[in-house]
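Results of the structural survey
Listed below are the residues making up each chain.
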Amino acid sequence: MRTFKKILTGGAALVAVLAVAGLALTHQGEIATQASIPSADFTPQQIAKGKLLAAMGDCAVCHTAANGKTNAGGLAMPSPFGTIYTSNITPDMQTGIGSWTYEAFERAMRHGVDREGQYLYPAFPYTAFSRVTDEDMKDLYAFLMSEPAVSNEAPKTALNFPYNVRRGIAAWNWLNLKPGVVADDAQQAPEWNRGAYLVEGLGHCSACHTPRNGMAAEKTGEFHFAGGSAEGWDAPALTSKSASPLPWTKGDLVDYMKTGFSERHSVAAGPMAPVAHGLSQQSDADIDAIATYLMSYRDANAAPGDAKALIEEKTAKPKLALDTEGYRLYQGACMACHRADPSASTFGVRPQLALSTSLHSASPDNAIMAVLEGVQNPAHADLGTMPAFRHALSDAQIATLLNTMRMQYGVDAWKDLPAKVGQLRKQSQAQH
Ligand code: HEC
Ligand code: HEC
Ligand code: HEC
């Protein structure tokens, strides 16, 4: 997880600064425990709303270990300095957050400080969660506290010095945490403001889609949504800088969020798959609002372009000799599923790779990761899965295959590709 690595590298410099500056000001008190959960205070409406909010915030995506119980924690987030484990956020009294009052929960979400007063690592996206309204925060609490309590002691996070000095995070917060609910922009329609609230708050879209500075904080201004990274994947630009062959229309965004697939682009794979799954549970009005807000980062008047004509243009005529190794690899390994005529497919969707951002981006990461790992956990089961080619194709073969596809689609070959495939192969292997 390069993002966390960066967060931690940035943290190191700050820890050093803080050691000099003194830490007295960063002390946070402990908040007393509650002996029981105030269930009587929660209405069924609140709990139902909280459930949707939790899906929007992807709580279970991070707080559930592979084959573990929902929200019982223990998902390992690897970094070169050690592993950060997510916490048990079920209402178990001993191992979860059952003993946390609303006040303690709110402090964690808004300020990144746990009940005992310890600073939490910003791998937990509290910089975005801090921007949620009181009402939504209370509904989230009501939902989490009404879920089954699971007794599970999540492994302790024990990073090496200086990353283990949690108080160092106080300085990072001081510079990078801007608490306060997402403010309405009076110039914009209510729908746009609703979208901004969801995207910048619980949705934490920018945690992945915005590049980070040397301190591992999200860059601002023109860099907002200009493209970031997550777990070896590239989270593409959501702005007009997007490498997508066809411009994203509002309708495309709605399709992608509701189904995990846009016919004019591609699927939500990798770390975007569980995000898209959470989005698909939201109301039509909220999905529309998110799309409206995101469209304001693009030229909304751009001509949508014709998908069919573009596929034809990119694939009809071979650009290289037919017995080129890359073509043979494509025919053998990919074409059966990713053929140009999707009507011939019966199992799930078949993304048209000629339209996929992954094959047209400056970064080869997503195309490589998709080939190495396949798509085992799609956003929705009916999209179908793709097999992993990790054991079937060598680094050189994957590189030849992908660069041949690039040439066929009319984009420049990626540089040093075999080495890059090797690097991602190692990195993603370590995560398994
Ligand atoms: C990108 C991954 C990620 C997402 C998404 C996420 N969390 Fe977390 N969360 C973490 C990590 C990692 C920690 C532990 C940080 C640490 O140990 O310093 C954490 C810690 C917490 C804590 C503190 C628990 C404790 O015992 O200290 C709470 C409360 C929490 N998360 C609630 C939530 C809620 C509610 C959501 C959904 C709205 C959510 N988280 C979504 C990664 C995530
Ligand atoms: C955990 C990291 C992460 C979060 C959080 C995240 N994304 Fe993504 N997103 C990705 C990755 C990685 C991809 C590339 C997926 C692929 O190529 O299959 C992606 C792809 C996309 C795309 C397609 C872009 C293209 O040109 O193909 C859209 C649209 C998108 N995300 C919207 C969102 C929205 C809206 C949110 C917030 C609600 C969000 N994302 C939150 C990681 C993330
Ligand atoms: C057995 C069918 C099958 C084969 C063979 C196959 N794919 Fe896929 N591929 C899929 C399906 C289905 C998806 C969509 C998965 C999902 O998200 O549900 C997909 C998704 C992808 C994506 C992700 C798209 C994106 O924009 O992020 C890429 C890239 C990709 N395939 C490339 C390839 C390449 C290159 C090959 C040949 C080495 C290949 N596929 C072979 C079925 C297949």
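To start, this report covers the structure provided alongside it. (Residues numbered from 1 in each chain as written. Chains lettered and ligands numbered in written order. Predicted model: local features only at pLDDT ≥ 70, side-chain atom pairs only at ≥ 80, totals over all residues. Heavy atoms only, no water.)

1. Focus on the overall build of the protein
How we decide: Strands are runs of DSSP state E lasting at least two residues, helices are runs of H or I lasting at least four, and both sets are numbered from the N terminus onward. Radius of gyration here is computed from C-alpha atoms only, and the compact-globule reference equals 2.2 Å multiplied by the residue count raised to the power 0.38. Here the term buried applies to any residue with accessible area under 20% of the maximum for its type, exposed to any over 50%, and partly exposed to those in between, with areas from a 1.4 Å probe on protein chains only.
For the protein, the count of helices and strands is 18 helices and 4 strands. Taken over C-alpha atoms, the radius of gyration comes to 23 Å for the protein, in line with the 22 Å a tight globule of 432 residues would show. Along the first, second and third principal axes, the C-alpha atoms of the protein reach 70 × 45 × 40 Å. Counting all 432 residues of the protein, 51% fall into the buried class.

2. Here's the deal with the environment of Gln118
Convention followed: The contact rule is simple, with two residues in contact once any of their heavy atoms fall within 4.5 Å. Between N or O atoms, a polar contact is any pair within 3.5 Å; within protein, one atom must be a potential hydrogen donor and the other a potential acceptor, and residues adjacent in sequence are included only when both atoms are from side chains.
Secondary-structure assignment places Gln118 in the loop between helix H4 (102-111) and helix H5 (126-129). Among the residues examined, Gln118 registers a relative accessible area of 38% and is labelled partly exposed. Measuring from C-alpha to C-alpha, the distance between Gln118 and Leu144 comes to 21 Å, with 26 residues separating the pair along the chain. Sequence-distant contacts of Gln118, defined by excluding residues within four places in its chain, comprise Gly112, Val113 and Arg166. Side-chain polar atoms of Gln118 contact the side chain of Arg166, separated by 3.4 Å.

3. So, the site of ligand 3
Quick reminder of the rule: We call a residue near a molecule or strand whenever a single non-hydrogen atom of that residue lies within 4 Å of it. Think of it as three bins: nonpolar holds Ala, Val, Leu, Ile, Met, Phe, Trp, Tyr, Cys and Pro, charged holds Asp, Glu, Lys and Arg, and polar takes everything else, Gly as well.
As a matter of local geometry, ligand 3 sits amid 23 residues, with Cys334, Cys337, His338, Ser356 and Met386 nearest to it. Contact distances for ligand 3 include 2.6 Å between an oxygen atom and a side-chain N or O atom of Ser356. Here Gly384 contributes a backbone N or O atom positioned 2.6 Å from an oxygen atom of ligand 3. Within the shell around ligand 3, the residues separate by chemical class into 16 nonpolar, 6 polar and 1 charged.

4. Some details on the coordination of the iron atom of ligand 3
To be explicit about the condition: Shown as donors are all N, O and S atoms within 2.8 Å of a metal ion, widened to 3.2 Å for Na, K and Ca; because water is not in the atom set, sites may appear incomplete. Sites are called tetrahedral only when four donors show all angles between 85 and 135 degrees, square planar or octahedral only when four or six donors show opposite pairs over 155 degrees and all other angles between 65 and 115, and irregular in any remaining case.
Distances from the iron atom of ligand 3 to its protein donors, His338 (NE2) and Met386 (SD), fall at 1.9 to 2.1 Å. Every donor counted, the 6 donor atoms about the iron atom of ligand 3 form angles of 84 to 179° at the centre, which fits octahedral coordination. In this pair, His338 sits in the loop between helix H14 (325-333) and helix H15 (357-360) while Met386 sits in the loop between helix H16 (365-373) and helix H17 (395-409), placing the two residues 48 residues apart along the sequence. Using a relative accessible area of 13% as the deciding quantity, one classes His338 as buried.

5. Regarding the nonpolar core
The condition is simple: We define the nonpolar core as a collection of buried residues of types Ala, Val, Leu, Ile, Met, Phe, Trp, Tyr and Cys that are connected through side-chain atoms lying within 4.5 Å of one another.
In terms of nonpolar packing, the biggest core is built from 52 residues, with Phe105, Leu140, Ile290 and Leu294 touching the most fellow members. A total of 7 residues in this core trace back to one element, the largest contributor, which is helix H6 (residues 134-146). In this structure, Leu294 is in contact with Val199, Phe225, Leu238 and Leu253, ignoring residues within four places of it in sequence. Of all hydrophobic cores here, the second largest spans 28 residues; its members include Leu359, Ile368, Met369 and Val371.

6. Considering the site of ligand 2
Worth spelling out the cut-off: An automatic or database domain assignment is the source of the domain bounds shown.
Every one of the 25 residues lining ligand 2 counts as a neighbour, but Cys205, Cys208, His209, Met272 and Thr357 are closest to it. One of the side-chain N or O atoms of His209 is found 2.8 Å from a nitrogen atom in ligand 2. Residue Ala269 places a main-chain N or O atom 2.8 Å away from an oxygen atom belonging to ligand 2. Going through the elements one at a time, helix H9 (206-209), strand E4 (233-235), helix H10 (250-259), helix H11 (272-279) and H15 are the ones with two or more residues in the shell around ligand 2. Split by residue class, the shell around ligand 2 holds 18 nonpolar, 6 polar and 1 charged. Counting contributing residues, the shell around ligand 2 receives three or more from each of domain 2 (190-295) and domain 3 (307-430).

7. Digging into the coordination of the iron atom of ligand 2
Those protein atoms acting as donors to the iron atom of ligand 2 are His209 (NE2) and Met272 (SD), and they sit at 2.0 to 2.3 Å. Geometry at the iron atom of ligand 2 is octahedral, judged from its 6 donor atoms and the angles of 88 to 180° they form at the metal. Here the residue His209 occupies a position in helix H9, and Met272 occupies one in helix H11, the gap between them amounting to 63 residues.

8. Some thoughts on the pattern of salt bridges
The test is simple: For this analysis, a salt bridge means a side-chain nitrogen from Lys or Arg found within 4 Å of a carboxyl oxygen belonging to Asp or Glu.
Scanning the model with the defined rule gives 15 salt bridges in all. Across the salt bridge formed by Lys258 and Asp284, the nearest N and O atoms sit 3.4 Å from each other. On the criterion of sequence distance, the pair formed by Lys258 in helix H10 and Asp284 in helix H12 (residues 284-295) is long-range, its members being 26 residues apart. Here Lys258 falls in the partly exposed class, since its relative accessible area comes to 33%. Between Arg425 and Asp395 there is a salt bridge, with the nearest N and O atoms lying 2.6 Å from each other. Here Arg425 is found in helix H18 (residues 417-430), whereas its partner Asp395 is found in helix H17, with 30 residues between them in sequence. For Arg425, a relative accessible area of 15% translates into the label buried.

9. Description of the environment of Arg115
As for its placement among the helices and strands, Arg115 is situated in the loop between H4 and H5. By relative accessible area, which is 9% here, Arg115 ends up buried. Apart from residues no more than four positions distant in its own chain, Arg115 is found in contact with Gly29, Glu30, Ile31, Ala32, Thr33, Ser99, Trp100, Ala104 and Arg107. A distance of 2.8 Å separates the side chain of Arg115 from the backbone oxygen of Ile31, its partner in a polar contact.

10. Things to note about the packing of helix H2 (residues 44-56) against H6
Here is the rule: Fitted lines through C-alpha atoms serve as axes, helices being fitted only where they are in contact, and the angles separating the N-to-C directions of these axes extend from 0 to 180 degrees. If an angle is under 35 degrees, it is roughly parallel; if it is over 145, roughly antiparallel; if it lies from 65 to 115, roughly perpendicular; otherwise it is oblique.
At a closest axis distance of 7 Å, the pairing of H2 and H6 adopts a crossing angle of 95°. Our classification of the angle between H2 and H6 gives roughly perpendicular. Along the contact surface, H2 presents Gln46, Ile47, Lys49, Gly50, Lys51, Leu53 and Ala54, while H6 presents Glu135, Asp136, Lys138, Asp139, Leu140, Ala142, Phe143 and Ser146.

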